Every structure is written in C-alpha cells, then in structure tokens.
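Observations on chain architecture
If you want the building blocks of each chain, they are given just below.
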Amino acid sequence: MTAEKTATMDLPPEYISAANDLRSDTFTTPTEAMIKAALNASVGDAVYGEDVDTARLEQTVARLAGKEAGLFCVSGTMSNQIALRTHLYQPPYSILCDYRAHVYTHEAAGLAILSQAMVVPVIPSNGNYLTLEDIKSHYVPDDGDIHGAPTKVLSLENTLHGIVYPLEELVRIKAWCMENGMKLHCDGARIWNAVAETKVPLKQFGELFDSISICLSKSMGAPIGSILVGNAKFIRKANHFRKQQGGGIRQSGMISRMALVNVDGDWKTDLLRSHALAHDLAAFCKVKGIPLESPADTNFVFIDLRAAKMNPDVLVKKGLKYNVKLMGGRISFHYQVSDESLANVKQALLEAFEYAKEHPFDQNGPTQIYRSESTEIDVHGNAIQDIKGYKY
C-alpha cells in the first residue's frame, strides 16, 4: 500500500487504517489527499445549484457515463430509490429485479414505502445473473388485464455478488426493454469494478441503461455519496424526490471535492489490485476445497457457508484471531487492504473450514451478511464479549 493511500491524521491507527477490514469495500478511510482537497473545496449552496465542486462532480460522472446530467446523493440507497420512483408514473406497477438485488433486500422496504410498487424478485436460472429469458418469464405486460401490476421498470445490478454482468446479455435485455416500453435502471454501486475488470467504458454501460446509480464510496474510497445519472428531464424530477426524502444538503462541496480525488485519479489500478487479492483468495479456496457461492469476478469472495457447513460466527472470530475483520461469508477487498491481511484471512478461513468438519453447522433461515450476533465490538474494532461461548 502506498503512503498516499493511507490517511495520516493525528489519530490512533485503529481509527484511520482499513488495511485489515474485509467486511465491505465501504470501510476505506479518507486519504491525506482527500482531506487536503476538502480544505480547499467550494462552499456554495448545493440545493440552489450554486456549489461549484458538487456541480463539477455531477458533470464529470455524467460525462463519463455518457449522460446529460448527474445528481449527487448522500447514499446509493437514496439514489436507487429516487431513480426508481422517478421512472414510475401511474400505479399499479411493478419492478422486476434479481432476488439478491440491493434495492429489494437491503434498502429497508424502500420500494414498497416510497414507490408503493410491487416487486418481482427473480432467481436467475444460471445461478449467477438474470438472462432475457428469465425476465420474459416473469414480465407482466400492460395489456388491459386488471388483475396484475404491469412491469414498468427492470432494475439490474452490476456488479452483483462481485459478478460482472455480461455485456452481450445487457444488449439483448436493452433491445427487449425498448421494444416493450420498459425503463432499465442499473444499481451501479460497483460499476467502477465492472469497468476496470472488463475494460468496457462506463459510457458504453450508460448507453444501455436509462439511469445508473454510481457509488463513490464502495471501492472508490470517497467517504460519502453516489451520483445518479440520466437525461436532463429525468434528473430534474429526481431532484424533486431527493428534496422530498431529505437529501438536499447544502455545502456538499467538501465531500464532492474528496470524491473527485479518486474519480480524477488512477482508480482502475487501485480496483484491479483489489480484484487480484480476491482472485488470489478464490484460487486458495479452490485448492483447499472451500466451496464458493459465486464466481469471484471482481473484489468479492462469497463463501458457500451452507455447503461448507460453516458457522459464520466462528469465521468472524477466526478473523479476529488473525487480526482481520470479517462479516460472515462475504469477504470484500478494497484498495487499502494489505497483503498481510490477505495471508491472515487465508489462515482464518482455513481454520474455520477445518473446524466445520468437526463441528458442522446447519444454517436455519437466510444468512445474515451484515452482522454477527455472537461478538460485540468495542470502539477500536476489537471483540469484547463472546455471547455464545465459542473459544477460538
């Protein structure tokens, strides 16, 4: 890890280092360059469209995506929710998405509450990504049948579970959506990763989607925010819903300027390094017989906990033993993760796998990605209590 990639504020290391944090690619910490940039940021009122750095960030990302306009949002959840709400007009209507989609599973029922939309979650027939055939088989046409909720928006995620959506499949889906008058939204929380891995320009993805939520914190390292991109009319209306949901912040120049440091920088190199770490761990798992849930195309390695009969709480504690922070079977790499942490997570994972052979664990209900109920964490990220009594 280069020195400029690590913040050098006068704080204890545990507050500023993400080198051992593999819970998510959101756990990066601001770099020294970002902090310096914030000190020189514009201080205009972004709600009135008068902040220079916010406008520059919106225009920069929109231009990269080949779109007319962009809108800064405080989170990917907000940008997804206002995008889908903007695409929807007269109810009843439904949104079709992958059953694992963040907009469906991890946005606090936002589609039901904010858009009052029926959601049709679809399990991909190939196990990895939705095909046009999957979509057609669950599509509800607006053909006069008063019993259903016509499908008005298709929401796809790229990447999803670290899997890159094949470009040729997106092209097929886009053509069909145009034929059927359906809007196509992309939750691009990690679309930068897809761009880096495939070398497909962001603009090419932009040509396929009517709107994209492009995250600035996941993998890219900014502390806050996503940019929603689309045509100018769409963004004007999305801004209306952003205000309604309390997302109209004032002096956003500071956080916009911090995001621009990486957007204007060598982010592809940073992302490809995180992919290489994930590929290395996935290869290790293959050699050791540790089953994976999804292909490790980019920066994620998903351990198939059920197939391995592995207790996620044991895995979390093994991580703490080797000074790496884990969160269940989803292992996330970002550009601040160190080579030492890669070696440590291999040890933790192997020990948890061997433990599972002696003490197989049967998971009841869905795997809880975002928490481990057996360990309390103090302000330094250390385990302070073992609720279930497991000793590593």
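What you see is a predicted model, and the numbers here were worked out from it, not measured in a lab.

1. Notes on the overall build of the protein chain
Along the protein chain, the regular secondary structure elements total 16 helices and eleven strands. The 392 residues of the protein chain split such that 54% are buried. Taking all contacts inside the protein chain whose residues are at least 6 apart in sequence as the whole, residues at least 24 apart take part in 74%. As displayed, the protein chain offers around 17,500 Å² of accessible surface, 53% of which is attributable to carbon and sulfur atoms.

2. Quick word on the environment of Ala46
Its place among the elements puts Ala46 in the loop between helix H2 (32–39) and helix H3 (52–64). Spatially, the C-alpha atoms of Ala46 and Gly253 are 7.7 Å apart, while their sequence positions differ by 207 residues.

3. Points about the pattern of salt bridges
Per the counting criterion, the structure on display carries 17 salt bridges. A salt bridge links Lys36 to Glu32; the shortest N-O distance between them is 3.3 Å. With a gap of four residues between them, Lys36 and Glu32 both fall in helix H2, about one helical turn apart. Using a relative accessible area of 28% as the deciding quantity, one classes Glu32 as partly exposed. Three or more residues are tied together by salt bridges with common partners; here these are Glu133, Glu169 and Arg172.

4. Here we look at the pairing of strand S6 (residues 211–215)
Of all five residues in S6, five are buried, a share of seventy percent or more. As paired strands, strand S5 (residues 183–188) and S6 are joined by four bridges and run parallel to one another. Following the sheet pairing, His185 is matched in S6 by Ser211. Pairing of S6 with strand S7 (residues 226–230), which is carried by four bridges, proceeds in the antiparallel orientation. When the sheet's bridge partners are listed, Ile214 is paired in S7 with Ile227.

5. Some points on the confidence of the model for the protein chain
Parts of the prediction with low pLDDT should not have their coordinates interpreted in detail. Averaged over all residues, the pLDDT of the protein chain equals 90, while 89% of them reach at least 70. The low-confidence segment residues 372–392 (pLDDT under 50) makes 41 contacts with residues lying over four places distant or belonging to another chain.

6. Brief notes about the nonpolar core
A general trend in soluble globular proteins is that nonpolar side chains are found buried together. Grouped together as the largest cluster of nonpolar side chains are 47 residues, with contacts concentrated most on Leu57, Leu154, Leu156, Ile173, Ile214 and Leu216. With near-sequence residues (within four places) excluded, Leu216 lies in contact with Leu57, Phe72, Trp192, Gly221, Ala222, Ile224, Gly225, Ser226, Ile227, Ala259 and Val263. If you look at the next biggest cluster of nonpolar residues, it comprises 27 residues, including Val301, Ala308, Val314 and Ala356.

7. Quick look at the sheet that holds strand S4 (residues 151–157)
In space, the seven strands of this open sheet follow the order S1-S7-S6-S5-S4-S2-S3, with mixed pairing throughout. Lying at the two open borders of the sheet, with one neighbouring strand each, are strand S1 (69–73) and strand S3 (118–122). Taken over all neighbouring pairs, the strand axes of this sheet differ in orientation by 20° on average, direction set aside. Both S1 and S7 contribute to a ladder of five bridges, which runs antiparallel. Each bridged residue has a counterpart across the sheet, and for Leu71 the counterpart in S7 is Leu228. On the sheet, H3 packs against S1, S6 and S7 and is oriented at approximately 125° with respect to S1. Sitting on the sheet, helix H11 (residues 232–244) touches S1, S6 and S7, and the angle it makes with S1 is about 20°.

8. Topic: the side chain of Asn311
Within the secondary structure, Asn311 sits in the loop between helix H14 (305–308) and helix H15 (312–321). Looking at Asn311, the relative accessible area reads 18%, which means it is buried.

9. Quick notes on the UniProt feature "modified residue: N6-(pyridoxal phosphate)lysine" (unreviewed entry) in the protein chain
Per the UniProt record, "modified residue: N6-(pyridoxal phosphate)lysine" (unreviewed entry) is annotated on Lys218. Looking at where Lys218 falls in the secondary structure, it is placed in the loop between S6 and S7. Apart from the residues within four sequence positions on either side, Lys218 is in contact with Asp25, Thr26, Ala189 and Arg190.

Criteria and cut-off values
Residues numbered from 1 in each chain as written. Predicted model: local features only at pLDDT ≥ 70, side-chain atom pairs only at ≥ 80, totals over all residues. Heavy atoms only, no water. Helix = DSSP H or I, 4+ residues; strand = E, 2+ residues; numbered from the N terminus. Buried < 20%, exposed > 50% of the residue type's maximum accessible area, 1.4 Å probe, protein only. Contact = heavy atoms within 4.5 Å. Areas by Shrake-Rupley, 256 points an atom, 1.4 Å probe, with all protein chains shown as cover. Salt bridge = Lys/Arg side-chain N within 4 Å of Asp/Glu carboxyl O. Pairing = 2+ DSSP bridges. pLDDT = per-residue confidence, 0-100. Core = buried A, V, L, I, M, F, W, Y, C linked by side-chain atoms within 4.5 Å. Axes fitted to C-alpha atoms, helices over the stretch in contact; angles between N-to-C directions. UniProt positions renumbered as here; feature names shortened; annotations may be inferred.

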